[in-house]
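A structural walkthrough
Residues per chain are reported as follows:
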Amino acid sequence: MPFWLELLICACLLLGSLFALVGAIGLYRLPDFFTRLHGPTKATTLGVGGTLIASMLFFAHHTGSLSLHELLITLFLFLTAPVSAHILSKAAMQQKVELTERTHGQPWDDDH
């Protein structure tokens, strides 16, 4: 395997791992549901995407053909993560989940 390809794969793995770590820390440390929702939907999605791109490059070199499984997984992940986050936030708004005082803005009106 060429050295430049190894570097590219390692960079994708490291970047994906960094994003996944930041997402996990955000999920643990952020104070309420609405701020916590950003960890898995944004940073972790990019982390898994970077790992899958590295896997696609690695197996494309070893098999000699382009593997579309990882590309499809990345596409479905990028499509389903925002939709599931939207559904979760709408359900939390319906249940009027408690916010911390540091969270700015109100997702619902107090009159309803």
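Residues numbered from 1 in each chain as written. Predicted model: local features only at pLDDT ≥ 70, side-chain atom pairs only at ≥ 80, totals over all residues. Heavy atoms only, no water.

Overview of the packing of helix 3 (residues 38-63) against helix 4 (residues 69-95)
Filter applied, for reference: Every angle, taken between N-to-C directions, lies between 0 and 180 degrees, and every axis is a line fitted to C-alpha atoms, over only the stretch in contact when it is a helix. By the criteria applied, helices consist of DSSP H or I runs no shorter than four residues and strands consist of E runs no shorter than two, each listed in order from the N terminus. Should an angle lie under 35 degrees it is considered roughly parallel, over 145 roughly antiparallel, and from 65 to 115 roughly perpendicular; all remaining angles are considered oblique. Only heavy atoms enter the contact rule, under which two residues are in contact if any of them lie within 4.5 Å. By the convention adopted, Pro, Cys, Tyr, Trp, Phe, Met, Ile, Leu, Val and Ala count as nonpolar, Lys, Arg, Asp and Glu as charged, and the other residues, Gly among them, as polar.
Look at helix 3 against helix 4: their axes get within 9 Å of each other, and the N-to-C directions meet at 175 degrees. Viewed along their axes, helix 3 and helix 4 adopt a mutual orientation that is roughly antiparallel. Mapping the contact onto sequence places Thr41, Thr45, Val48, Gly49, Leu52, Ser55, Met56 and Phe59 in helix 3 and Glu70, Leu71, Ile73, Thr74, Leu77, Phe78, Ala81 and Ala85 in helix 4. In the contact of helix 3 with helix 4, the residues fall into 10 nonpolar, five polar and one charged.

Details of the UniProt feature "transmembrane region" (unreviewed entry) in the protein
The cut-off we apply is this: UniProt positions are given in the numbering used here, feature names are shortened, and annotations may be inferred rather than shown by experiment.
In the UniProt entry, the feature "transmembrane region" (unreviewed entry) is given for residues 71-89. Along residues 71-89 the backbone is 100% helical and 0% strand, and the end-to-end C-alpha distance reaches 28 Å.

Some remarks on the packing of aromatic side chains
So the rule is basically this: Any two of the Phe, Tyr and Trp rings considered here, Trp counted by its six-membered ring, make a pair once their centres fall within 6.5 Å; the pair's planes then place it as stacked at under 30 degrees, edge-to-face at over 60, or tilted in between. Buried residues are those whose accessible area, probed at 1.4 Å on protein chains only, stays under 20% of the maximum for their type, while exposed residues exceed 50% and partly exposed ones sit between those limits.
Under the counting rule described, the total for this entry stands at two aromatic pairs. Ring centres of Phe33 and Phe34 lie 5.6 Å apart, and the angle between their planes is 80 degrees; on these two criteria the pair is classed as edge-to-face. What makes Phe33 partly exposed here is its relative accessible area of 26%. Look at Phe34 and you get buried, because its relative accessible area is 15%. Aromatic pair Phe58 and Phe59: ring centres 5.2 Å apart, planes at 80 degrees, arrangement edge-to-face. Look at Phe58 and you get partly exposed, because its relative accessible area is 31%. Take Phe59: its relative accessible area is 41%, and that puts it in the partly exposed class.

Considering helix 4
The cut-off we apply is this: Here a helix's expected span is defined as the number of its residues, less one, multiplied by 1.5 Å.
Between its first and last C-alpha, helix 4 extends 38 Å over 27 residues, near the 39 Å set by a 1.5 Å rise per residue. Where helix 4 is concerned, the buried positions are Glu70, Thr74, Ala81, Ala85, Ser89 and Ala92. For helix 4, the secondary structure elements touched by its buried residues are helix 2 (33-36) and helix 3. Of the residues trailing helix 4, Lys96 is marked for its positive phi of about 55 degrees.

Brief notes about a nonpolar patch on the surface
Inclusion rule: The patch calculation keeps residues exceeding 30% relative accessible area without a salt bridge and links them within 9 Å when they carry like charges or within 5 Å when they are nonpolar (Val, Leu, Ile, Met, Phe, Trp, Tyr). Note on areas: Shrake-Rupley, 1.4 Å probe, and residue coverage restricted to the protein chains presented here. Note on definitions: salt bridges are taken to be side-chain nitrogens of Lys or Arg within 4 Å of carboxyl oxygens of Asp or Glu.
On the surface, a nonpolar cluster with roughly 700 Å² of combined accessible area is contributed by Leu66, Leu68, Leu71, Leu72, Leu75, Phe76 and Leu79. Position of Leu66 among the secondary structure elements: in the loop between helix 3 and helix 4.

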